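Below are the chains, spelled out letter by letter.
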Amino acid sequence: MEIFNNLVMGFGVAVTPIHLLYALIGCLLGTLIGVLPGIGPVATIAMLLPITFNLSPVAALIMLAGIYYGAQYGGSTTAILVNIPGESSSVVTCLDGYQMARQGRAGPALAVAALGSFFAGCVSTLIIALAAPPLAEVALKFGPSEYFSLMVFGLVAATVLAHGSLIKAIAMVVFGLLLGIVGTDVNSGVLRFTFNIPELSDGIGFVIVAMGMFGTAEIVANLELKDKREIFTKDVKNLWPTREDFKRAWAPVMRGTALGSFLGILPGGGALLASFGAYTMEKKMSRHPEQFGKGAIEGVAGPESANNAGAQTSFIPMLTLGIPSNAVMALMIGALMIQGIAPGPQVMNEKPQLFWGLIASMWVGNLMLVVLNLPLIGMWVKLLTVPYRYLYPSILVFMAIGVFSLSNNAFDVLIMAVFGVLGYICVKLECEPAPMILGFILGPLMEENLRRAMLLSRGDPMTFIYKPISAGFIIAATILLIVVALPAIRKKREEVFVEEA
Amino acid sequence: MKIKSPKDFWSGLMFLGFGLFFVVWAAIHYQMGTAVRMGPAYFPILLGGLLSVLGLAILLESFVAEGPPVPAFALRPLILISVGCVLYGYLMKPLGLFVATLALVVVSAFGGHEFKWKEVLILYAILMLGSWLVFVRGLTLPFPLCPDFIANCPIR
């Protein structure tokens, strides 16, 4: 019963007043930015990253994690009441949730979303506790060639699961890898692509890139849209779902949790893909597929459970392998590094308090979120009436403070603006920024592991095939690429992602 | 030759351009090394080459497959928001937090749909107080508050 003991220790850490406070702050912030359209968890966590320097590592991670899964709860509120996804992973919740609201059933939709998320949160917390230790055990045996192949696999999976054109997503990953190696080369000390700018010798800050690509670029994209909102706030009276609702919703919640937990573990997965997958699955399995898009409760229950499960299980690769599966996890790794902790399988053994405390806090946080979201729903709804013209300058001020405080340097803010412009161009050209961010964080790691692997094998690239674990990753990556490139599946994949439109 | 998918055409060109740049720059300035002992140029040239090939493929495909046109750029918000951020950074050291925040809020607010001085100034006042109390007093970030030319800053 080692897991049991570990969980007890974790709860011991998580329920100390200070950690409860940070979990609450994280959940509140997460719900807030989840509710508000136009600002997501990536930009928020990026903004707060510099501030976590002053916190203990446990408190920092507990708060940042709360923001991520809190955003999944908050995002559904906006989707159901306003038909705008407050968060990208609640895009599909708009389809049926908003229709339910139009039929005067906003309350049950919100309740099912929150309760489904809570159930998914509990299950996936347990999954993390069970799956992470054995995975970390395996990962401890990884050498440079295994790590390199794992990263190749992760990046391939991330592109396969990205929206839109596959080849563009791969190009974005490679572009990200290249940007990631700007700075001092660790082996030779040579300054690469720094153009004699001293600020670039440490490389381009990850937080700065993330804030530009996801923050300023998003704001500009939002400003293009005229905001017209029809909010069903008065209809939120009867929160409790009927017996019939429960009967129809429990199975989708289960299925959504299972699918979401699985997709969350995959690199490139996480909340977004989980919710899309769950919606498609519910529609396929339903005996009344014609009700979907017209207020089917299954179309809310499934995706909402799935996105929360996916958000949480995406912590598994980050915690056990030290490899981010999405942009939020890349930021979490950034947070660990700020605290002087090298992410990887050793974290679990060296910092058990951190590891198990974080896991236990997720369960505590989920409980807080149900409380925050159901009785306090009116408060969050009020927030939606704040016009965007007040919001975006405020967001910009927080981002600017965050970036400037990284090293008290104006150049960082300039770089953020440059990446904002680049991010906006990418939005216009339908090039997804998320794969680029993953490439960016993995760039230096990949180069380092490639160099080591090649040095050990005396320059023989076959080392990646001769080692069984490494070969497994390479084969898996190749199969994924071939399968996705097949015309039939390619079409299917595009279908899944246009379902939202 | 007619461009059938403008979005792909321009993104292909962008990737090709960036890829070639990384390859050429690395080849001129850094040591290539060998596969066993990779020099600083090895990985960038490998990736830059890959990016160029991908960019070229996207570029060529844009002459074959149909695709949507590139939507118009909203230049006004793009420029004003970028300029606002840059001003914030570069005004901070000489003029202090309060002036820098003013520049960011006012310039970025010009990028929106409607601009009312009264609203913007109230918003500025709130954000200024907020950043001062939370970040400077609360989290003790070492931001300069007053402009450089004021010798003894009355605000702490």
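Here the structure is a predicted model, which is why all the values come from computation and not from measurement.

Describing the overall build of chain A
Part 1 of the argument: Looking only at helices and strands, one finds 23 helices and two strands in chain A.
Part 2 of the argument: Projected onto the principal axes, the alpha-carbon positions of chain A cover approximately 70 × 55 × 50 Å.
Part 3 of the argument: Among the 501 residues that make up chain A, the fraction classed as buried is 61%.
Part 4 of the argument: Look at the contacts in chain A between residues 6 or more apart in sequence, and 80% of them connect residues 24 or more apart.

Things to note about the overall build of chain B
Part 1 of the argument: A tally of helices and strands in chain B yields four helices and zero strands.
Part 2 of the argument: In sequence order, chain B lays out its α and β elements as α-α-α-α.
Part 3 of the argument: Relative to the 2.2 N^0.38 estimate, which gives 15 Å for 156 residues, the radius of gyration of chain B is 24 Å and therefore markedly larger than a compact globule would have.
Part 4 of the argument: The principal-axis extent of the C-alpha atoms belonging to chain B is close to 60 × 45 × 25 Å.
Part 5 of the argument: Within chain B, the fraction of its 156 residues that count as buried is 37%.
Part 6 of the argument: Of all intrachain contacts in chain B linking residues separated by at least 6 positions in sequence, the fraction that spans at least 24 positions is 63%.

A closer look at helix α14 (residues 327–338) of chain A
Residues and elements named next belong to chain A.
Part 1 of the argument: In this model, α14 (12 residues) spans 17 Å end to end at C-alpha, consistent with the 16 Å of a helix rising 1.5 Å per residue.
Part 2 of the argument: Extensive coverage of α14 is indicated by the burial of 10 of its 12 residues.
Part 3 of the argument: When α14 is considered as a whole, its buried residues turn out to be A327, V328, M329, A330, L331, M332, I333, G334, A335 and L336.
Part 4 of the argument: Buried-residue contacts for α14 involve α3 (41–48), α4 (57–82), α9 (206–224), α13 (315–321) and α20 (433–456).
Part 5 of the argument: A positive phi of about 80° marks G340, the residue just after α14.

Focus: the packing of helix α2 (residues 17–35) of chain A against α4 of chain A
Residues and elements named next belong to chain A.
Part 1 of the argument: In the contact formed by α2 and α4, the axes pass within 6 Å of each other and the chain directions differ by 35°. You can see that α2 and α4 cross each other, and the crossing is right-handed.
Part 2 of the argument: When the residues that make up the contact of α2 with α4 are grouped by side-chain class, the tally is 20 nonpolar, 12 polar and no charged.

Looking at the domain arrangement of chain B
Part 1 of the argument: Under the domain assignment, chain B is made up of domain 1 (6–61) and domain 2 (75–138).
Part 2 of the argument: Inter-centroid distance (C-alpha atoms) of domain 1 of chain B to domain 2 of chain B is 39 Å.

Details of the confidence of the model for chain B
Part 1 of the argument: Averaged over every residue, the pLDDT of chain B is 88; the share at 70 or more is 99%.
Part 2 of the argument: This complex was scored by the predictor with a pTM of 0.84 and an ipTM of 0.92.

Structural notes on the packing of α4 of chain A against helix α16 (residues 352–373) of chain A
Residue and element names in this part refer to chain A.
Part 1 of the argument: Packing of α4 against α16 leaves a shortest axis separation of 9 Å and a crossing angle of 35°. The two elements α4 and α16 cross, and the hand of that crossing is right-handed. On α16, the residues that touch P57, V58, L61, I62, A65, G66, Y69, G70, Y73 and T77 of α4 are Q353, L354, G357, L358, S361, M362, G365, L369 and N373.
Part 2 of the argument: Looking at side-chain class alone, the contact of α4 with α16 contains 11 nonpolar, eight polar and no charged residues.

As for the interface of chain B and chain A
One widely used convention gives an interface's size as the accessible area the parts lose upon coming together.
Part 1 of the argument: Listed per partner, the contact involves 57 residues of chain B and 53 residues of chain A.
Part 2 of the argument: Going through the elements one at a time, α1 (6–29), α2 (42–61), α3 (75–109) and α4 (117–138) of chain B are the ones with two or more residues in the side of chain B that touches chain A.
Part 3 of the argument: Split into classes, the residues belonging to the side of chain B that touches chain A amount to 39 nonpolar, 14 polar and four charged.

A short note on the nonpolar core
Part 1 of the argument: The biggest cluster of nonpolar side chains holds 223 residues, and the ones touching the most others in it are L64, A210, M211, L331, A400 and I437 of chain A together with L104 of chain B.
Part 2 of the argument: Per element, the largest residue contribution to this core is 18 residues, and it comes from helix α6 (residues 106–139) of chain A.
Part 3 of the argument: Two domains share this core, each providing at least three of its residues, namely domain 1 (6–61) and domain 2 (75–138) of chain B.
Part 4 of the argument: In contact with I437 of chain A, not counting residues within four places along its chain, are G176, V209, A210, M213, A327 and A330 of chain A.

Focus: unusual backbone geometry
All names here are of chain A.
Part 1 of the argument: Positioned with a positive phi, E430 is a non-glycine residue whose angle comes to about 60°.
Part 2 of the argument: Along the chain, E430 turns up in the loop between α19 (410–428) and α20.
Part 3 of the argument: Taking the C-beta count within 10 Å as the criterion, E430 has 17 such neighbours and is therefore assigned partly exposed.
Part 4 of the argument: One non-glycine residue, R458, adopts positive backbone phi at about 55°.

Considering the environment of C431 of chain A
Part 1 of the argument: As for its position among the elements, C431 of chain A is in the loop between α19 and α20.
Part 2 of the argument: For the pair formed by C431 of chain A and A169 of chain A, sequence separation is 262 residues and the distance between their alpha carbons is 6.6 Å.
Part 3 of the argument: Leaving out residues up to four positions away in the same chain, C431 of chain A has contacts with K168, M172 and C426 of chain A together with S11 of chain B.

Observations regarding helix α10 (residues 243–265) of chain A
All names here are of chain A.
Part 1 of the argument: Its 23 residues place the ends of α10 33 Å apart at the C-alpha level, agreeing with the 33 Å of an ideal helix rising 1.5 Å per residue.
Part 2 of the argument: Of all the bends in α10, the greatest reaches close to 30° and is centred on A249; the proline P252 follows between one and four positions later.
Part 3 of the argument: On its buried face, α10 sits against α6, α11 (271–285), α12 (298–313) and α13.

What about the confidence of the model for chain A?
Low-pLDDT stretches of the model should not have their predicted coordinates read in fine detail.
Part 1 of the argument: Chain-level pLDDT for chain A is 83 on average; 92% of the residues reach the 70-or-more range.
Part 2 of the argument: Taking the mean pLDDT of every element in chain A, the minimum, 60, falls on helix α23 (residues 487–498) of chain A and the maximum, 92, on α19 of chain A.

Here we look at the environment of F175 of chain A
Part 1 of the argument: With respect to the element layout, F175 of chain A can be found in helix α8 (residues 166–180).
Part 2 of the argument: Linking F175 of chain A and I197 of chain A, residues 22 residues apart in sequence, is a C-alpha distance of 21 Å.
Part 3 of the argument: If we skip the residues at most four places from it in the chain, F175 of chain A touches M436 and G439 of chain A together with F15, F18 and L51 of chain B.

Topic: the environment of G97 of chain A
Residue and element names in this part refer to chain A.
Part 1 of the argument: Relative to the helices and strands, G97 resides in helix α5 (residues 91–102).
Part 2 of the argument: For the pair formed by G97 and A120, sequence separation is 23 residues and the distance between their alpha carbons is 18 Å.
Part 3 of the argument: Apart from the residues lying within four places of it in its own chain, the contact partners of G97 are S76, A79, I80, A109, A113 and V300.

About the criteria used
- Residues numbered from 1 in each chain as written.
- Chains lettered and ligands numbered in written order.
- Predicted model: local features only at pLDDT ≥ 70, side-chain atom pairs only at ≥ 80, totals over all residues.
- Helix = DSSP H or I, 4+ residues; strand = E, 2+ residues; numbered from the N terminus.
- Buried ≥ 20, exposed ≤ 12 C-beta atoms within 10 Å, placed from the backbone.
- Contact = placed C-beta atoms within 7 Å.
- Rg over C-alpha atoms; globule rule 2.2 N^0.38 Å.
- Expected span 1.5 Å × (residues − 1).
- Axes fitted to C-alpha atoms, helices over the stretch in contact; angles between N-to-C directions.
- Left-handed = near helix turned anticlockwise from the far one by under 90°.
- Nonpolar A, V, L, I, M, F, W, Y, C, P; charged D, E, K, R; others polar.
- Domains from an automatic or database assignment.
- pLDDT = per-residue confidence, 0-100.
- Core = buried A, V, L, I, M, F, W, Y, C linked by C-beta atoms within 7 Å.
- Bend = angle between axes of the 7 residues up to and from the residue.

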